[in-house]
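# Survey of secondary and tertiary structure
As a plain string of letters, each chain reads:
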Amino acid sequence: RVLASLTKARKPEACAAIRFSKQLWINSLRPDCRCGYSRFEESFTKTITMPQSSKNVRKSVFITGAAAGIGRATALRFAVEGYFVGLYDLDLAGVTALAAELGEGRALAGKLDVVDYTACEATLKTFVKAAGGKLDVLVNNAGILSCGNFETLSAERMHALIDVNAKGVVNGCRAAYPYLKLANK
């Protein structure tokens, strides 16, 4: 989920991320999604070389849910384009490994619970400082999924779905908005 204001502005990098994420989402709906996705990711990382970009002109992207799946693939794609990538997830080991894979000085990784608005604000502030004072793109990708009939899912699980998938997106957008607004000037 890329922040709507970026798509309205028709920023090429936001549109590319949406197309890229949409294709991964479509691929993940196939019955063989694990195998298909692994093959895609493996070929993607082997065939693309990551260009080095100047630190003072490179753009930045903040990605939630970056440890695996679409978030990880989106991070790889933005890194290929020369962005400084913020990798955030509850899975600290996953984003730390991805940051190491991207290379020193190309990413900042950390643990983030998107349900905690104060943590979103503090994490974004830290990332923007590390990114040279700006944020160009927000990818609100963190999410959880539960399948089953209504009566089989617990109230706690349903509340978690709403907290992460709705409130988490709002928290990310609200916390990132001041930085995104400055980047669009």
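To be clear, the structure that these remarks concern was listed above.
The shown structure was predicted, so the numbers you read here are calculated from the model rather than taken from an experiment.

Definitions and limits used
Sequence positions are assigned chain by chain, starting from 1 and proceeding in written order. Reporting in this predicted model follows two pLDDT cut-offs: at least 70 for local features of residues, and 80 or more for side-chain atom pairs to be given and counted; totals over whole chains, interfaces and linings ignore these cut-offs and use all residues. For the side-chain quantities, the full set of heavy atoms in the structure was used; hydrogens and water were omitted. Think of it in three bands: with a 1.4 Å probe and only protein chains considered, a residue is buried below 20% of the maximum accessible area for its type, exposed above 50%, and partly exposed in between. Helix and strand definitions follow DSSP, with helices as H or I runs of at least four residues and strands as E runs of at least two, each counted in order from the N terminus. Throughout, the arc means the angular range of directions from the helix axis out to the C-beta atoms. Contact definition: two residues touch when any of their heavy atoms are within 4.5 Å. Here the axes come from fitting lines to C-alpha atoms, over the contacting stretch only for helices, and the angles between their N-to-C directions go from 0 to 180 degrees. Left-handed describes a crossing in which the near helix is turned anticlockwise from the far one by less than a right angle; the clockwise case is right-handed. Side-chain classes are defined by residue name, with Ala, Val, Leu, Ile, Met, Phe, Trp, Tyr, Cys and Pro counting as nonpolar, Asp, Glu, Lys and Arg as charged, and the others, Gly among them, as polar. Only rings of Phe, Tyr and Trp enter the pairing, Trp through its six-membered ring, and a pair is recorded when the two centres are within 6.5 Å. The plane angle decides the type: under 30 degrees is stacked, over 60 is edge-to-face, the rest tilted. Among buried residues, the Ala, Val, Leu, Ile, Met, Phe, Trp, Tyr and Cys ones that are joined through side-chain atoms within 4.5 Å form a nonpolar core. Strands are treated as partners if at least two bridges between them are detected by DSSP.

### Brief notes about helix 5 (residues 92-102)
- Where helix 5 is concerned, the buried positions are Gly94, Val95, Leu98, Ala99 and Leu102. Angularly, the buried residues of helix 5 cover 135 degrees about the axis, an arc narrow enough to put them on a single face. Among the exposed residues of helix 5, those pointing more than 90 degrees away from its buried face are Ala93 and Ala100.
- Those residues of helix 5 that are buried lie in contact with helix 4 (69-80), strand 2 (84-89) and strand 3 (107-111).
- Looking one or two places after helix 5, you find Gly103, whose phi comes out positive at around 110 degrees.

### Brief notes about the packing of helix 6 (residues 117-130) against helix 7 (residues 155-183)
- In contact at an axis separation of 9 Å, helix 6 and helix 7 are set at 35 degrees when each is read in the N-to-C sense. Crossing geometry of helix 6 relative to helix 7 is assigned as right-handed. Facing helix 6, whose interface residues are Tyr117, Cys120, Glu121, Leu124, Lys125 and Val128, helix 7 presents Asn171, Gly172, Arg174, Ala175, Ala176 and Tyr179.
- Among the residues making up the contact of helix 6 with helix 7, the classes are represented as seven nonpolar, two polar and three charged.

### A few points about the packing of aromatic side chains
- For the structure on display, the rule yields five aromatic pairs.
- Seen from their ring centres, Phe62 and Phe127 are 5.6 Å apart, and the 70 degrees between their planes marks the pair as edge-to-face. With Phe62 in strand 1 (residues 60-64) and Phe127 in helix 6, this pair connects stretches of sequence that are 65 residues apart.
- When the centroid spacing of 6.4 Å and the interplanar angle of 85 degrees are considered together, the rings of Tyr88 and Phe127 count as edge-to-face.

### Re the nonpolar core
- With 18 residues, the main nonpolar core has Val61, Ile63, Phe78, Val85, Leu87 and Leu102 as its most contacted residues.
- At the level of elements, strand 1, helix 4, strand 2, helix 5 and strand 4 (137-140) are the ones that each hand at least two residues to this core.
- Other than its neighbours up to four places away in sequence, Ile63 contacts Gly71, Thr74, Ala75, Val85, Gly86, Leu87, Tyr88 and Val139.
- In terms of nonpolar packing, the next biggest core, distinct from the first, is built from 17 residues, Tyr88, Val128, Val164 and Ala175 among them.

### Focus: the pairing of strand 4
- Going residue by residue along strand 4, you find Val137 and Val139 tucked away on one face and Leu138 and Asn140 tucked away on the opposite face as well.
- Where strand 1 meets strand 4, four bridges bridge the pair, whose relative direction is parallel. Following the sheet pairing, Thr64 is matched in strand 4 by Asn140.

### Some details on the sheet that holds strand 4
- Read from one edge to the other, the open sheet built from four strands follows the order 3-2-1-4, with strand pairing classed as parallel. One side of each edge strand has no neighbouring strand; the edge strands of this open sheet are strand 3 and strand 4. Strand-to-strand twist in this sheet, taken as the mean axis angle between neighbours without regard to direction, amounts to 10 degrees.
- Judged from the five bridges that link them, strand 2 and strand 3 form a sheet pairing that is parallel. Bridged to Tyr88 within strand 3 is Gly110.
- Each of strand 1, strand 2 and strand 3 is contacted by helix 6, which is oriented at about 160 degrees to strand 2, the strand it contacts most.

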